[in-house]
Amino acid sequence: MKGQEKESLFSPQNLKLITDPIGKKNPITVLVLGICSALAVTVQMKPAIVMALSVMVVLAFSNVTISLIRKLIPTRIRIIVQLTVISFMVIIVDQILKAYAYDVSKQLSVFVGLIITNCIIMGRLEAFALGNTPWKSFLDGIGNAAGYGLILVIVSFFRELLGSGTVLGYPVLQKLGLYSIGYENNGMMILPPMALITLGVIVWIHRSRNKDLIEK
Amino acid sequence: MNKESNSYTFFFTVVMIVIVAFGLSVTAITLKPVQEHNKELEKKVNILQSINLNPTFEEADKEFNKYIVKTLLVKSDGSFTEGNGLDINLKEELNKPENERVLPLFIAQVDGHKYYIIPLYGKGLWGPIWGFVSLKEDMNTVYGVSFGHKTETPGLGAKIVTEEFRNQFKGKKIFDKNGNFTSILVVKNQKQLNEHQVDAISGATMTSKGVQNMLNKVLSHYINFFKQHKNDLA
């Protein structure tokens, strides 16, 4: 951090590292990375939130680790080094979930392991952490994971509400009395195709509100 | 030192691997007891689900000790001893020749009724499936079941854990009127289901077949036990 002493920890440039990926540089809706897991774990909100937090931990700490050793990594094997760091973090997260959040880890099953292949993480390590200081990389990791998590939560909110009639397991629609007047859950929302369509709608809204994102 | 030289690359890799391996071993060893405890709790929850109770993870230990009064280790000739059934590895036991197998049987007492709980283990489509089936005092009528699976297809085979599928088993019988062992069949496209049949899950033929085979294989081990002790245990 020696070269950064003039700059405060939460300077506008640093905060941008967090806010940008949530909005106009969102990894899912703009960069279209990490789609696979976004479709797979968004049937219910609880696993989606845990997945988002797991990705956040993995991404933030992988970013910091890579940034710390960025001057030591031989260029030729940098991708393998990145993968090793990511796998290391993912296995630790997986083990901790198995020990302290067993039911959630069962719901997420293979997807925790598949964080390793989440392109957002590799992308951030390669594009950001290799060329920036640990603190900036940490913020960048948190920001990108937050952007990813935000979309996961939005998609899972609609899928759980319309597909199962609950929000975080709480039977909202039943309490509102919708079933007694003939409303039925849409089973289609639980299936993967509707995740893709929900995601598409989010991208559409995002772009219609932010004209910079539309390609010429 | 030249960062791009072969010897540096080699050195870097070795150091990295040693650090990573050390870190992972420490994590795995320190967390293992907690994880094992979780697995045991899950087993207890599943056992209690088969007698139609629904304890949370936290209550599992207490409820298990409250309701499960005895555990028997049963041999295929019908003889048994008392012991700890939770530690028995069903997969290993089922691979042994029939006369060497020792399978556990849990006896539960709920509101004055006795239930006999049998652990199940078998093959689904993609990997292992398991569960527990509880019988009423007549050692014939099914009181409840619970199923678990490792990697069955979500939305299809994975549906064996749903209440909809499990509730079908309630009241089914594993012996016919003449006392012959029939097990419970998981059938497709049957308009009228008899007392030994349940409806398969559409789109999950292999998993449904797996459930049927698992019930047949495991339950048949207890036939002699049921016949001999029908009256003296109840």
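Residues numbered from 1 in each chain as written. Chains lettered and ligands numbered in written order. Predicted model: local features only at pLDDT ≥ 70, side-chain atom pairs only at ≥ 80, totals over all residues. Heavy atoms only, no water.

### Some details on the overall build of chain B
Move 1: Within chain B, the regular secondary structure consists of 6 helices and 8 strands.
Move 2: In sequence order, the secondary structure elements of chain B are arranged as α-α-β-β-α-β-β-β-β-α-β-β-α-α.
Move 3: For chain B, whose C-alpha radius of gyration is 22 Å, the value lies well above the compact-globule estimate of 17 Å for 234 residues.
Move 4: For chain B, the spread of C-alpha atoms along the three principal axes comes to 85 × 40 × 35 Å.
Move 5: The buried share among the 234 residues of chain B stands at 47%.
Move 6: A separation threshold of at least 6 residues defines the contact pool for chain B, and within that pool the share at least 24 residues apart is 52%.
Move 7: Entry remark: accessible area of chain B is about 12400 Å², with carbon and sulfur atoms responsible for 53%.
Move 8: The averaged location of the 25 negative side-chain charges in chain B is 5 Å from the averaged location of its 28 positive side-chain charges. (Helix = DSSP H or I, 4+ residues; strand = E, 2+ residues; numbered from the N terminus. Rg over C-alpha atoms; globule rule 2.2 N^0.38 Å. Buried < 20%, exposed > 50% of the residue type's maximum accessible area, 1.4 Å probe, protein only. Contact = heavy atoms within 4.5 Å. Areas by Shrake-Rupley, 256 points an atom, 1.4 Å probe, with all protein chains shown as cover. Lys, Arg positive; Asp, Glu negative; His and termini not counted. Charge placed at Lys NZ, Arg CZ, Asp CG, Glu CD.)

### Some remarks on the pattern of salt bridges
Move 1: This model, assessed by the stated rule, comprises 8 salt bridges over all chains.
Move 2: R78(A) is the salt-bridge partner of E126(A), the closest N and O atoms lying 2.7 Å from each other. Of this pair, E126(A) sits in helix α7 (residues 119-127) while R78(A) sits in helix α4 (residues 78-100), placing them 48 residues apart in sequence.
Move 3: Two residues, D94(A) and K98(A), come together in a salt bridge whose shortest N-O distance is 3.6 Å. Remark: K98(A) and D94(A) occur in helix α4; sequence separation between them is 4 residues, near one turn of the helix.
Move 4: Residues joined by salt bridges that share partners form a network here, namely E40(B), K44(B) and D61(B). (Salt bridge = Lys/Arg side-chain N within 4 Å of Asp/Glu carboxyl O.)

### Things to note about the interface of chain B and chain A
Move 1: On the chain A side, the residues contacting the 21 residues of chain B number 21 residues.
Move 2: Buried area between chain B and chain A, summed over both chains or domains, comes out near 1900 Å², and the portion from carbon and sulfur atoms is 65%.
Move 3: For chain B, the biggest contributors to the area lost against chain A are F12(B), L24(B) and Q35(B); these three give 24% of the whole.
Move 4: Here chain B is connected to chain A by 9 residue pairs in polar contact (both at pLDDT 80 or more).
Move 5: Per-class residue counts for the side of chain B that touches chain A are 9 nonpolar, 8 polar and 4 charged. (Buried area = accessible area lost by both parts, 1.4 Å probe. Polar contact = N/O pair within 3.5 Å; in protein donor to acceptor, adjacent residues only side chain to side chain. Nonpolar A, V, L, I, M, F, W, Y, C, P; charged D, E, K, R; others polar.)

### Brief notes about the packing of aromatic side chains
Move 1: The tally for this structure, following the rule as stated, stands at 16 aromatic pairs over all chains.
Move 2: For the ring pair F61(A) and F138(A), a centre distance of 6.2 Å and an interplane angle of 70 degrees mean the geometry is edge-to-face. Here F61(A) is found in helix α3 (residues 45-68), whereas its partner F138(A) is found in helix α8 (residues 134-164), with 77 residues between them in sequence.
Move 3: Residue class for F61(A) comes out partly exposed when judged on its relative accessible area of 43%.
Move 4: By relative accessible area, F138(A) is classed as partly exposed at 24%.
Move 5: Ring centres of F64(B) and F106(B) lie 6.5 Å apart, and the angle between their planes is 75 degrees; on these two criteria the pair is classed as edge-to-face. With F64(B) in helix α2 (residues 60-67) and F106(B) in strand β3 (residues 102-110), the pair connects residues that are 42 residues apart, well separated along the chain. (Phe/Tyr/Trp six-rings, centres within 6.5 Å; stacked < 30°, edge-to-face > 60°.)

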